[in-house]
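A closer look at the structure
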Amino acid sequence: VSKAIGVLVMSYGTPESLGGVEAYYTHIRRGHPPTAGQLEDLTSRYRAIVGGVFPLRENTNRQVAALQRTLDELAGEGKFVCYQGLKHAAPYIEDGVAAMAASGITEAVGIVLTPQYSVMSVGGYMKRAKDEAAKHGIALAAIEEYHLHPELIDALSKRVTEGLERLGSDEAMVLFSAHSLPEKILEMNDPYPEQLLATSRAVAQAAGVERWQFTWQSAGQTGQPWLGPDILETIERLSQEGVKAMLVSPVGFVSDHLEVLYDIDIEAAKFAAERGVKLARIRMLNDDPQYMRAMADSVLAAAPERA
Ligand code: FEC
């Protein structure tokens, strides 16, 4: 039995290579393989971002290492041990929990790299983590959200200020964005839209930004309605209203990955350029020290008391 508290650090996961895209996509689709056309569409998006490499994987490794260092600094070395658990790729959430059990961990905290709660995102990660922890006799405390942590808000607001300077327009509109989800989450009273708005409002206030809107991005094609307006509709409407400069500020994403590097940097940027709109994006948090402190603080608050 280990005295250390395990920290299960969960994130989305990415394929390891272009050859792994089909298995990854099948996992996202809950075991239903994509059609050849869907697979080609996704593969071509991966090919288009920085030469077809998978930045999310290295990035997640760096984030987990940085969170470990931050916890060591705040709580002393050896108190917390971080394990990685991914939703759609190896090491899966279940692998992370099994690795904890193999090291004799009996108490753990689960945290997801995305700051806002939805039953379809964080709720799904936590259910899998708790089910697996129960099998191994591990008590796992779940951190559901940290979307208003002052260090997170400050880190994002600095990036908004820096992005606006880069854009160099006094008239720019800040577009806070996050991954859309199927509209049916509204019937479940899901806190996701409200928490995203709360983060956006706090960041706008901290950065002294008055011209801002919230918009969704990266909706899936499932035949069901997804939350809107989508970022492309928002750009279209604002451009018709005469807005010439926009700063996309993802607040539900924290890393450089496909939904940022493709959906914003390639797709939305091209769409904006065709309408004479100058579009920029804030730098993602990745392993930003303030973001790490926001997570480490949340882990300390959720961790069981030790004599
Ligand atoms: O860079 C990478 O390799 C991974 C980028 C990536 C991130 C991400 C984050 C979120 N997703 C969320 C929900 C859904 C729902 C569906 C869905 C589908 C996809 C597909 C790809 C994909 N997601 Fe994702 N998501 C990323 C990538 N996502 C690829 C499949 C093809 C496509 O539509 O583009 C629909 C599933 C279905 O078909 O039923 C729902 C949410 C997040 C943000 C929170 C989090 O990070 O967990 C919510 C990064």
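Residues numbered from 1 in each chain as written. Predicted model: local features only at pLDDT ≥ 70, side-chain atom pairs only at ≥ 80, totals over all residues. Heavy atoms only, no water.

Structural notes on the sheet that holds strand E4 (residues 139–142)
Formally: The pairing criterion for strands is at least two bridges between them, as found by DSSP. Strands here mean DSSP runs of E at least two residues long; helices mean DSSP runs of H or I at least four residues long; both are numbered from the N terminus. For every element, the axis is a line fit to its C-alpha atoms; helices are fit only across the contacting stretch, and the angle between N-to-C directions ranges from 0 to 180 degrees. Contacts were defined at the residue level, with two residues in contact if any of their heavy atoms lie within 4.5 Å.
One open sheet accounts for 4 strands, arranged E2-E1-E3-E4; its pairing is parallel. At either end of the open sheet lies a strand with only one pairing partner, and these are strand E2 (80–86) and E4. Averaged over neighbouring strand pairs, the angle between their axes works out to 25° when direction is ignored. Taken together, the 4 bridges between strand E3 (residues 107–112) and E4 define a ladder with parallel strand orientation. Its bridge partner being in E4, Gly110 is matched across the sheet by Ala142. The sheet strands contacting helix H4 (residues 93–102) are strand E1 (5–11), E2 and E3, and the helix crosses E1 at an angle near 170°. Running at roughly 145° to E3, helix H11 (residues 289–302) makes contact with E1, E2, E3 and E4 of the sheet.

Digging into the coordination of the iron atom of the ligand
Definition in use: Distances define the donors: N, O and S atoms within 2.8 Å of the metal qualify, as do those within 3.2 Å of Na, K or Ca. Water is excluded, so some sites may look unfinished.
Among protein residues, the single donor to the iron atom of the ligand is Tyr12 (OH), with a metal-donor distance of 2.1 Å. Its location among the elements puts Tyr12 in the loop between E1 and helix H1 (21–28).

As for empty space enclosed by the protein
In plain terms, the rule: Within this scheme a cavity is a closed region of a 1 Å grid, computed over the protein atoms alone, that accommodates a 1.4 Å probe without allowing it to escape, whereas a pocket is open but has protein on both sides within 12 Å along at least five of seven lines; lining residues each have an atom within 4 Å of a point. Grid points are joined across faces, edges and corners, and a volume is the space filled by probe spheres set on the points. Amino acid classes used here: Ala, Val, Leu, Ile, Met, Phe, Trp, Tyr, Cys and Pro are nonpolar; Asp, Glu, Lys and Arg are charged; the rest, including Gly, are polar.
The full count for this structure, using the stated rule, is 2 cavities of 30 Å³ or more. What lines the largest cavity is Ser11, Gly13, Thr14, Leu56, Arg57, Thr60, Gln84 and Leu86. Partitioning the lining of the largest cavity into residue classes produces 2 nonpolar, 5 polar and 1 charged. Size it by volume and the second largest cavity reaches roughly 30 Å³. Along the walls of the second largest cavity sit Thr14, Tyr46, Ile49, Val53, Phe54, Pro55, Leu56, His257 and Leu258, which together make up its complete lining. Per-class residue counts for the lining of the second largest cavity are 7 nonpolar, 2 polar and no charged.

Observations regarding the confidence of the model for the protein chain
Here is the rule we go by: By definition, pLDDT measures how confident the predictor is in each residue, and it falls between 0 and 100.
Within the protein chain, residue pLDDT values average 96, and 98% of them lie at 70 or more. Scored as a complex, the prediction yields pTM 0.95 and ipTM 0.90.

Examining the site of the ligand
Rules: Only a single heavy atom is needed: when it lies within 4 Å of a molecule or strand, its residue is near that molecule or strand. Identification of polar contacts relies on pairs of N or O atoms within 3.5 Å, with a donor-acceptor requirement for protein atoms, meaning one able to donate a hydrogen and the other able to accept it, and with residues adjacent in sequence counted only if both atoms are side-chain atoms.
In the vicinity of the ligand, 23 residues are found, and the nearest of them are Tyr12, Thr14, Tyr46, Tyr125 and Leu258. At a separation of 3.2 Å, an oxygen atom of the ligand approaches a polar side-chain atom of Arg45. Here Tyr125 contributes a side-chain N or O atom positioned 2.5 Å from an oxygen atom of the ligand. If you list the elements that add at least two residues to the shell around the ligand, you get H1, helix H2 (36–48) and helix H9 (258–261). For the shell around the ligand, the per-class residue count stands at 13 nonpolar, 7 polar and 3 charged.

Describing helix H3 (residues 55–75)
Note the threshold: For a helix, the expected span equals 1.5 Å multiplied by the residue count minus one. The buried label applies to any residue whose accessible area, calculated with a 1.4 Å probe on protein chains only, is under 20% of its type's maximum; exposed applies above 50%, and partly exposed to all values in between.
Helix length check: H3 (21 residues) gives 30 Å between terminal C-alpha atoms against 30 Å at 1.5 Å per residue, within 8%. By the burial criterion, the buried members of H3 are Leu56, Asn59, Thr60, Gln63, Val64, Ala66, Leu67, Gln68, Thr70 and Leu71. Where H3 is buried, its residues touch E1, E2, E3 and H11. Backbone geometry just downstream of H3 places Gly76 in the positive-phi region, at approximately 95°.

Observations regarding H11
Between its first and last C-alpha, H11 extends 20 Å over 14 residues, near the 20 Å set by a 1.5 Å rise per residue. Listed in full, the buried residues belonging to H11 are Gln290, Tyr291, Met292, Ala294, Met295, Ala296, Ser298 and Val299. Taken together, the buried residues of H11 touch E1, H3, E2, E3 and helix H6 (150–167). By the N-cap criterion, in which a side-chain oxygen at the helix start approaches the backbone nitrogen of a residue two or three places on, H11 is capped by Asp288, the distance to Gln290 being 2.8 Å.

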